[in-house]
Amino acid sequence: MPSIKLLPHQLRLNVDPRELDCPDTSLLVSEPLPWIGQERAEKAARFGLSLDQPGYNLFVLGEVGSGRSSLMEVAMREAAAQRTVPPDLCYLHNFDCPERPLALRLPPGQGRALRDMMAELVKKLRTEIPARLSGPEFKSESESIQKAFKDEETLAFAELTAFASSRNFSLQREDERMIFTLLGEGGHAVTEEEMLALPQARKTEVGRAELELRAEITRFLEKMRPKERAANEAVARLRQRFVKSLLEHEIDKIRAAMKQQIKDSVKLGGYLERVGEDILELIDLFGAEEAQDELMLALGRERVNLVVDNGGLNGAPVLVEDNPLFRSLFGSIEYQVENDVLMTDFSRIRAGSLLRAHGGFLLLHLRDLLGDPLVWEKLRRFLRSGRLQIEEPGTQYAPMAVVSLEPEAVDVRVKVILVGTREHYYELQEEDPEFGRHFRIKVDFAESFKISQDSRRATAIFVAHTCHRLGLPHFTAAAVARLLEEMQREADDQRRQYAVFAYLEQLVTESAMHATGELVQREDVEAALAAKTSRHDYPDQRLHESIAEGELLIAVQGERIGRINGLTQIDLGDHRFGMPMVVSARTFPGKEGVLNIEREVQMSGPIHDKGMFILQSYFAALFSHLGPLSVNGALAFEQEYHGVEGDSASCAELYALLSSLSGLPIRQGVAVTGALNQHGEVLPIGGMNEKIEGFFRVCQASGLDGSQGVILPACNRAHLMLNAEVVAAVEQGQFHIHAIEDVMDGLELLMGMPAGELDESGGYPHGSVLGQVQKTLLHYRRICHLSEHPKPARKSRHGAF
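For every chain, the first residue of the written sequence is number 1, and numbering continues from 1 along that sequence. Two thresholds apply to this predicted model, a pLDDT of at least 70 for residue-level local features and 80 or more for giving and counting side-chain atom pairs, whereas whole-chain, interface and lining totals are computed over all residues. To obtain the side-chain values, all non-hydrogen atoms of the structure were used and water was disregarded.

**Let's talk about the overall build of the protein chain**
Consideration 1: Only runs of H or I of at least four residues qualify as helices and only runs of E of at least two qualify as strands under DSSP, and these elements are numbered from the N terminus. Of the regular secondary structure elements, the protein chain holds 26 helices and 33 strands.
Consideration 2: For a compact globule the rule gives 2.2 Å times the number of residues to the power 0.38, and the radius of gyration it is set against comes from C-alpha atoms. A compact globule built from 801 residues would reach a C-alpha radius of gyration of about 28 Å, whereas the protein chain, at 48 Å, exceeds it by more than 25%.
Consideration 3: Taking all 801 residues of the protein chain together, 47% fall into the buried category.
Consideration 4: Whether two residues are in contact is decided by their heavy atoms: any pair within 4.5 Å suffices. By sequence separation, contacts in the protein chain at least 24 residues apart represent 77% of the contacts at least 6 residues apart.
Consideration 5: What sets the accessible areas is the Shrake-Rupley method with a 1.4 Å probe; for residues, cover comes only from the shown protein chains. About 40,200 Å² of surface is accessible on the protein chain, with carbon and sulfur atoms providing 51% of the total. Relative accessibility decides the category of a residue: with a 1.4 Å probe and only protein chains considered, values under 20% of the type maximum give buried, values over 50% give exposed, and everything between is partly exposed.

Here it is in structure tokens:
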């Protein structure tokens, strides 16, 4: 069938502002913002968030800017509001094993209450205990115990002094020492000289007396030390008796305050018992001024380290961790240097996001996690076990001694929402068998969605909310309609809308900057789009200047044999544009077939190579009735030095090949884009709008003569969202868009002769393109046959000639 000439209204779908049913977006601010075009993702997200079973974590996949994070956060908060508030988490001193602090879960709010009450207990005991121990009642009983001991000691010492005196020794006590001195006849102390002058018998007598005194002193000490110890113990028991009632009263108040049923009630009760015992052991330090620093350090054991406080929540916690370092995600232990040793204790344990998200939801971005293998590996282990052990892995590499700490591991029940790309999702599915077990809910955000009246109104609501949130002027219905048209163009489809709303928000912001009135008009959106293009189109502009200056040889008038303008799209990430590119073909007799020059020099990609092989197969099938073909050909993209990829030039390459073989020239004002299959059907391709507009600009710069245009696949008609300038040129008859379903449909338009079909004789008619190609191929065969089987030379009677 012949090519189809498209009408202006087929080249672009214009949105009627009246479909939005509101004059401007200010009237839509109060309406709730739905999940626009993401019904599948919304259903999966709400289903996954409602499940409270292990393994049903969510993996959210989609393009950046599609709203995957913000919409998931809204859904997480809605689901969290329906859940109960999870318990607090405290770490306590372990009196039996200080390097292994105890974890204690308490009902929400009771962690803070316990922390405050324990701090108040310590504060109160520091004042009350010294006050009680300095009171008259305690002093009276204490002095009575001490007096009884002193009296007994004084009596015993008097007997010891008398014993010493009977042996001519004086006895004195200095501190804890017994000092005795030998006395002479006058009662004075014997000097060393006098001692040396004594007769030997006297010296022996004195020595014997000294031994007896020493033995008596030993008996005295052995008798009094137990009594002294007993007296001290009695005083200590008295202190404990005076303090114990106060301590029990205060601890009982804490027990009474913790009256709610808690999972760790036994652990809390045991801890409070040990607190009471520890304070009684420290009782001697109370009231001693010189021991206050030691007392404060010791009383630090009685404090509570509240690492997770959920007292202020109204539902389950919702956390978004944008910086998932090891410490911020899994918790940490802080250290300080003391005497060249890294010291720490239970009070320096800090919770990470996983602990704080217990009972709720935690959103992470996969790309951040994969950047740190240590974080990713520990997260995998956590998902497997459901238990979290806080650790400080860097301490093993510390340049000094480290006091180790191993906090009690705790069960953590948290739903992890992992955000990533489709590529990451399927890579993990393939490489990590456990991944699918831990992330059973797939939340797939679409890149585009089908347009409906509801989706258009929902998009207008999004614009209204964006204006309200950013403090921008609101948009008229016509301006919103222009935004919708741009989103359809980004989707490359009249029937679908681009789902990356970050791009729409960018357009809203930039359009508002161009507004001069109270509302943003359609013209302001057009100005913003033009300004955006102007900021990014330098490479596009430079290539068009190269064509105008004759550096790139692109002809858009006249006819050429074996040359055709193909179309290519260049995507720079922030800007896409189309350009024509000359495809040329040369053919001659031979047996090697069609050569792809780009492939020979490794400048083509696999998809382009595949398209070339399909072209060769189709070409051979067209002339299979001739048997093996005797043709050599070469196809090339002229002035292409960066490589080619894609199969959208397959039709253009075939046309150039047929032109070279038939000798029929191709109209240079008609560019071609489209891929073909082995049966000649033209397949849809991408970047259609940019390709057409790029060729139109070249023709416009050279001068539109009414014969120029583009041939494209008929399957791509719904993908057209051409700019107003191209549509106007088509409407005025200066430019044309033709659609074809079969590759043969474009031959007559390009070469002015019908393609031709096999007739009853089994060949193509002479007045057709394929008939001309057939004629050339037969001529090539005869040449090849003659070269392979030359005729023998004729002889005459005069010799060979």
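**Brief notes about the sheet that holds strand 23 (residues 576–588)**
Consideration 1: At least two DSSP bridges between two strands are needed for those strands to be called paired. Spatially, the eight strands line up as an open sheet ordered 1-31-30-27-22-23-25-24, and their pairing is mixed. The open sheet has two free edges, formed respectively by strand 1 (4–5) and strand 24 (593–596), since each of these has just one partner strand.
Consideration 2: Summarising the sheet, strand 27 (residues 670–672) and strand 30 (residues 709–713) pair through three bridges and their orientation is parallel. Looking at strand 30, one finds that Ala 671 is bridged to Val 710.

**Remarks on the confidence of the model for the protein chain**
Consideration 1: Confidence scores labelled pLDDT are given residue by residue by the predictor and lie between 0 and 100. Averaged over every residue, the pLDDT of the protein chain is 89; residues scoring 70 or more account for 97%.
Consideration 2: Of all helices and strands in the protein chain, the one with the weakest mean pLDDT is strand 33 (residues 799–800) (46), whereas strand 13 (residues 361–365) scores best (97).

**Digging into the sheet that holds strand 13**
Consideration 1: Taken together, five strands build an open sheet; the order of strands is 8-13-17-2-18 and the sheet is parallel. Pairing within the sheet leaves two strands with one partner each, and these edge strands are strand 8 (318–320) and strand 18 (441–444). Averaged over all neighbouring strand pairs, the angle between strand axes comes to 20°, with direction disregarded.
Consideration 2: With four bridges joining them, strand 2 (residues 58–61) and strand 17 (residues 415–420) adopt parallel strand pairing. Bridge assignment links Leu 58 to a residue of strand 17, and that residue is Ile 417.
Consideration 3: Working convention: axes come from line fits to C-alpha atoms, limited for helices to the stretch in contact. Angles between N-to-C directions cover 0 to 180 degrees. With respect to the sheet, helix 13 (residues 422–431) is in contact with strand 2, strand 17 and strand 18, its orientation differing from that of strand 2 by roughly 140°.

**A short note on the state of the cysteines**
Consideration 1: In what follows, a disulfide is any cysteine sulfur pair within 2.5 Å. Enumeration according to the criterion identifies zero disulfides in this entry.
Consideration 2: We note that Cys 699 lacks a disulfide partner, and the nearest cysteine sulfur, in Cys 651, lies 19 Å from it.
Consideration 3: When its relative accessible area of 0% is taken as the criterion, Cys 699 is described as buried.

**Comments concerning the nonpolar core**
Consideration 1: By size, the foremost hydrophobic cluster in this structure holds 47 residues, and its most contacted members are Tyr 655 and Met 744.
Consideration 2: Residue assignment for this core shows that the elements contributing at least two residues are strand 23, helix 21 (606–622), strand 25 (632–637), helix 22 (650–662), strand 27, helix 25 (747–751) and helix 26 (769–788).
Consideration 3: Among the elements that make up this core, the one with the highest residue count is helix 22 (eight residues).
Consideration 4: Leave out the neighbours within four places in its chain, and Met 744 touches Tyr 618, Leu 622, Leu 654, Leu 658, Ala 755 and Leu 770.
Consideration 5: Here, the term nonpolar core denotes a set of buried Ala, Val, Leu, Ile, Met, Phe, Trp, Tyr and Cys residues that are joined through side-chain atoms within 4.5 Å. Of all hydrophobic cores here, the second largest spans 39 residues; its members include Leu 319, Phe 346, Ala 357 and Val 412.

**Comments concerning the packing of helix 3 (residues 110–133) against helix 6 (residues 200–257)**
Consideration 1: At a minimum axis distance of 10 Å, the contact between helix 3 and helix 6 shows a crossing angle of 165°. One element, helix 3, and the other, helix 6, form an angle in the roughly antiparallel class. The way helix 3 lies across helix 6 gives a crossing that is right-handed. Two secondary-structure elements touch here, helix 3 through Gln 110, Leu 114, Met 117, Met 118, Leu 121, Lys 124, Leu 125, Glu 128, Ile 129, Arg 132 and Leu 133 and helix 6 through Arg 239, Phe 242, Val 243, Ser 245, Leu 246, Leu 247, Glu 250, Lys 253, Ile 254 and Ala 257.
Consideration 2: Any residue outside Ala, Val, Leu, Ile, Met, Phe, Trp, Tyr, Cys, Pro, Asp, Glu, Lys and Arg is labelled polar, Gly included; the first ten of those are nonpolar and the last four are charged. Partitioning the contact of helix 3 with helix 6 into residue classes produces 13 nonpolar, two polar and six charged. For classification purposes, an angle smaller than 35 degrees is called roughly parallel, one larger than 145 roughly antiparallel, one from 65 to 115 roughly perpendicular, and anything else oblique. Helix crossings get a hand from a simple test, with the near helix turned counterclockwise from the far one by less than a right angle marking a left-handed crossing and a clockwise turn marking a right-handed one.

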